Amino acid sequence: MPGAIYAEGLVKTFGDVRALDGVDLDVPEGTVLGLLGPNGAGKTTAVRCLTTLLRPDSGRAVVAGLDVLKNPNEVRRSIGLSGQFAAVDEYLTGRENLQMVGQLYQMKAKDAKVRAAELLDQFDLADAADRTAKTYSGGMRRRLDLAAALVVSPPVMFMDEPTTGLDPRNRQLLWEVIKRLVSGGTTLLLTTQYLEEADHLAHDIAVVDHGRVIARGTSDQLKARTGGERVEVVVHDREHIPTAVEVLTGFGKGDTTVEEHTRKLTVPVSGGAKLLAEVIRELDIRGIEIDDIGLRRPTLDDVFLSLTGHAAEDKPEENAKETVK
Amino acid sequence: MSAVTDAVRGTAPGNPLGQSVRDSLVIAKRNLIRMSRIPEMVIFGLIQPIMFVVLFTYVFGGSMQIGGSTSATDYTNFLMAGIFAQTVTFATAGAGAGIADDMHKGLIDRFRSLPMARGAVLTGRTLADLVQTALTLLVLAVVAILVGWRVGSDGSTDAARVLAAFGLLLLLGYAFTWIGALIGLSVRTPEAATSGGLIWLFPVTFISNAFVDTGNMTPWLRHIAEWNPFSATVQACRVLFANPGQSTSDAWPMQHPVWASLIYSVLIILIFRTLAVRKYRSATA
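Residues numbered from 1 in each chain as written. Chains lettered and ligands numbered in written order. Predicted model: local features only at pLDDT ≥ 70, side-chain atom pairs only at ≥ 80, totals over all residues. Heavy atoms only, no water.

Draft legend 1. Layout of the overall build of chain B. The number of helices and strands found in chain B is 14 helices and zero strands. From first element to last, N terminus to C terminus, chain B shows the α and β order α-α-α-α-α-α-α-α-α-α-α-α-α-α. A compact globule built from 285 residues should have a C-alpha radius of gyration of about 19 Å, and chain B, at 21 Å, falls within 12% of that. On the principal axes, the C-alpha backbone points of chain B span a range of 80 × 35 × 35 Å. Counting over 285 residues, chain B shows a buried share of 53%. (Helix = DSSP H or I, 4+ residues; strand = E, 2+ residues; numbered from the N terminus. Rg over C-alpha atoms; globule rule 2.2 N^0.38 Å. Buried < 20%, exposed > 50% of the residue type's maximum accessible area, 1.4 Å probe, protein only.)

Draft legend 2. Representation of the domain arrangement of chain A in the model. Split by domain assignment, chain A resolves into domain 1 (5–223) and domain 2 (228–297). Distance from the C-alpha centre of domain 1 of chain A to the C-alpha centre of domain 2 of chain A: 44 Å. (Domains from an automatic or database assignment.)

Draft legend 3. Fine view of the side chain of K12 of chain A. Residues and elements named next belong to chain A. Summarising the element assignment, K12 is placed in strand β1 (residues 5–14). Classification of K12 as buried rests on a relative accessible area of 11%. Filtering out sequence-adjacent residues up to four positions away, K12 remains in contact with V17, R18, A19, L20, T45, L54, R55, P56 and D57. (Contact = heavy atoms within 4.5 Å.)

Draft legend 4. Geometry of the UniProt feature "transmembrane region" (unreviewed entry) in chain B. Residues and elements named next belong to chain B. The positions UniProt marks with the feature "transmembrane region" (unreviewed entry) are residues 38–58, 78–100, 130–151, 163–185, 192–212 and 258–276. Helix makes up 95% of residues 38–58 and strand makes up 0%, while its end C-alpha atoms are separated by 32 Å. A distance of 27 Å separates the end C-alpha atoms of residues 258–276, which is 100% helix and 0% strand. (UniProt positions renumbered as here; feature names shortened; annotations may be inferred.)

Draft legend 5. The arrangement of the sheet that holds β1 of chain A in detail. Residues and elements named next belong to chain A. Across the sheet, which stays open at both edges, the four strands sit in the order β2-β1-β4-β5 with antiparallel pairing between neighbours. The sheet terminates laterally at β2 (17–27) and β5 (66–67), the two strands that pair on one side only. Relative to strand β4 (residues 58–63), β1 is paired through five bridges, and the arrangement is antiparallel. Bridge pairing in β4 links E8 to R60. Set on the sheet, helix α1 (residues 43–50) makes contact with β1, β2 and β4; between it and β1 the angle comes to about 115°. (Pairing = 2+ DSSP bridges. Axes fitted to C-alpha atoms, helices over the stretch in contact; angles between N-to-C directions.)

Draft legend 6. Seen up close, the packing of helix α9 (residues 241–251) of chain A against helix α10 (residues 272–285) of chain A. Residues and elements named next belong to chain A. Look at α9 against α10: their axes get within 10 Å of each other, and the N-to-C directions meet at 150°. The orientation of α9 relative to α10 falls into the category roughly antiparallel. Our pair here, α9 against α10, has a crossing hand that is right-handed. Packed against α9, whose contacting residues are A244, V247, L248 and F251, the element α10 presents L275, E278, V279, E282 and L283 at the interface. Of the residues assigned to the contact of α9 with α10, the class counts are seven nonpolar, no polar and two charged. (Parallel < 35°, antiparallel > 145°, perpendicular 65-115°, else oblique. Left-handed = near helix turned anticlockwise from the far one by under 90°. Nonpolar A, V, L, I, M, F, W, Y, C, P; charged D, E, K, R; others polar.)

Draft legend 7. Region of the structure containing the nonpolar core. In this structure, L98 and L146 of chain A together with F84, F111, L122, F166 and F241 of chain B are the most contacted members of the largest nonpolar core, which totals 116 residues. In terms of residue count, the dominant contributor to this core is helix α8 (residues 159–186) of chain B (15 residues). Ignoring sequence-local partners within four residues, the contact set of F84 of chain B consists of L137, L140, A141, A144, W149, F166, L169 and F241 of chain B. Counting 32 residues, the second-largest nonpolar core is a separate cluster that includes I5, A19, L20 and L189 of chain A. (Core = buried A, V, L, I, M, F, W, Y, C linked by side-chain atoms within 4.5 Å.)

Draft legend 8. Structural context of the packing of aromatic side chains. Residue and element names in this part refer to chain B. A complete count under the given rule lists 14 aromatic pairs over all chains for this structure. Taking the centre distance of 4.7 Å and the plane angle of 20° together, the rings of F56 and F211 count as stacked. With F56 in helix α3 (residues 39–60) and F211 in the loop between α10 (201–206) and α11 (219–227), this pair connects stretches of sequence that are 155 residues apart. The exposure class assigned to F56 is buried, which follows from its relative accessible area of 8%. (Phe/Tyr/Trp six-rings, centres within 6.5 Å; stacked < 30°, edge-to-face > 60°.)

Draft legend 9. The arrangement of the pairing of strand β13 (residues 264–268) of chain A in detail. Residue and element names in this part refer to chain A. By the bridge criterion, five bridges tie strand β11 (residues 230–235) to β13 in an arrangement that is antiparallel. The residue bridging V231 from the neighbouring strand is V267, located in β13. When strand β12 (residues 257–259) meets β13, the two strands line up antiparallel, connected through three bridges. Paired with T257 across the two strands is T266, which belongs to β13. Hairpin geometry of β12 and β13 is characterised by an intervening segment of four residues between the two adjacent antiparallel strands and by a positive phi of about 55° at R263.

Draft legend 10. Inspection of the sheet that holds β12 of chain A at higher detail. All names here are of chain A. The four strands are arranged β12-β13-β11-β14 in an open sheet whose pairing can be described as antiparallel. Where the open sheet ends on each side, the last strands, each with one partner, are β12 and β14 (290–296). Strand-to-strand, the axes of this sheet are offset by a mean angle of 15°, without reference to chain direction. Relative to β14, β11 is paired through six bridges, and the arrangement is antiparallel. Among the inter-strand pairings, V235 is bridged to a residue of β14, identified as I290. Lying on the sheet, α9 is in contact with β11, β12 and β13; it crosses β13 at an angle near 15°. On top of the sheet, α10 reaches β11 and β14; it is set at about 160° to β14, its chief contact.

Here is the structure:
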């Protein structure tokens, strides 16, 4: 049985741009998949195809056990979508926004009213419930948008860059909300450009580049692919570099790289903190004075770089939004 | 998949038509609330037609010949049907801008991801615009009366016929908002929808019988004016208001203006509603 979100060979082209070039996804029920990639990688297009907003040129998608192409309206009943922009009506109050969405999910007017009040409480918007969304801060709008996506407690959620443009405090707040949601059993597909966010929230990560999934695994598995941990040392005196290299290579699993101008030496290791202590002792015995030393684990940025050959940064806009006409 | 099947879902809709009506009303209500919170939009929408009433009456009034008469009162009575009709068509721009704005802000994406009736977002918008158009017409009629407009200048006043004329005007305005809806879905920005929704209305409303007697136009232009769907409603209103300056042309819409007005408006609704709903289903911001 396929997962709560399943896609096979999704292809979508806009003119010359292959926004999706055969994407396969499988998200088991109750888990979070982080779709990680730079702008224009095809993340938004993938979400739009899975949420019935866009018809893929080819491929198959099943969400909550329903075929997205054959039963789009059934799918819409089972999903919540929180897009890249806080899609709330700024001239309606928070309460009116949620009631409207509830009614459009075909809830009875009075049920929609009760549900709206519940969500406003839950998302810490009760005080602002009867102000127009125009007066809300960016973080409040995002919370309202997320609340709107949760009106019917959909079993499957899609969030397209939920924290883009938020300050760290609001991002942290939204992360808490998302974690609570997932602990309740919701299946979530989340796109992000923030490697830290995928690391923090997702059980599984799919790295997307040029419309393809180029790597897939847990955050630890992906990091392991870049060769695991390493020791970095900054020596105080340039003259000590050769001796230090000798010491590090003795402990390391490979060659030591040297950055002359910063006096920084790096060597891949395995053995963690215990090994680090031994390295420090040995450097001390040899009389090498150090400015800094540390055990570095690869970040997802390193992962991205090693997988794609380029850093996870913006490319010229190839977003579906811009090119569809 | 227990969590999937057990989760609270929206109630399954009864019949599709009922759902469509309900969803449209939810959206109409939303747009009316919006309009009530941006009263300046409604007010600006009123200023232009009021200016036209006043300017045409006092600037052109003295120099226009209507049915052989140069009386300014005759021109005022002739003019109002034209201004009313022009005003209702200008609702096109509001509908277009509103829908383009919804696209721009990602609201259309939200609506399209909900299990709601496909045409409801557009129908709700056009219904809300219809309410606004009715309000505008009401204010405009009062202003028209203030500058001297009277129905039944041939001595016969029939309230039912006057109401029928306003009914035709509302239907024309409703039809034109569907053109606006299609424009709003086709352009990239609300600003483009506003100007794109207005520009073409000038030739449509001026190459007509709205402000002048078509009998004085060059023949080819006259034919266009007399077959212009917009002219049919203007002529129908003049007939129903019993106002002067009714066209005596042999063109079918001028001879049967009420039918022509009804047929044109219904046709516009059918065509543009179909196109707009199709466009909406594949809409991408």
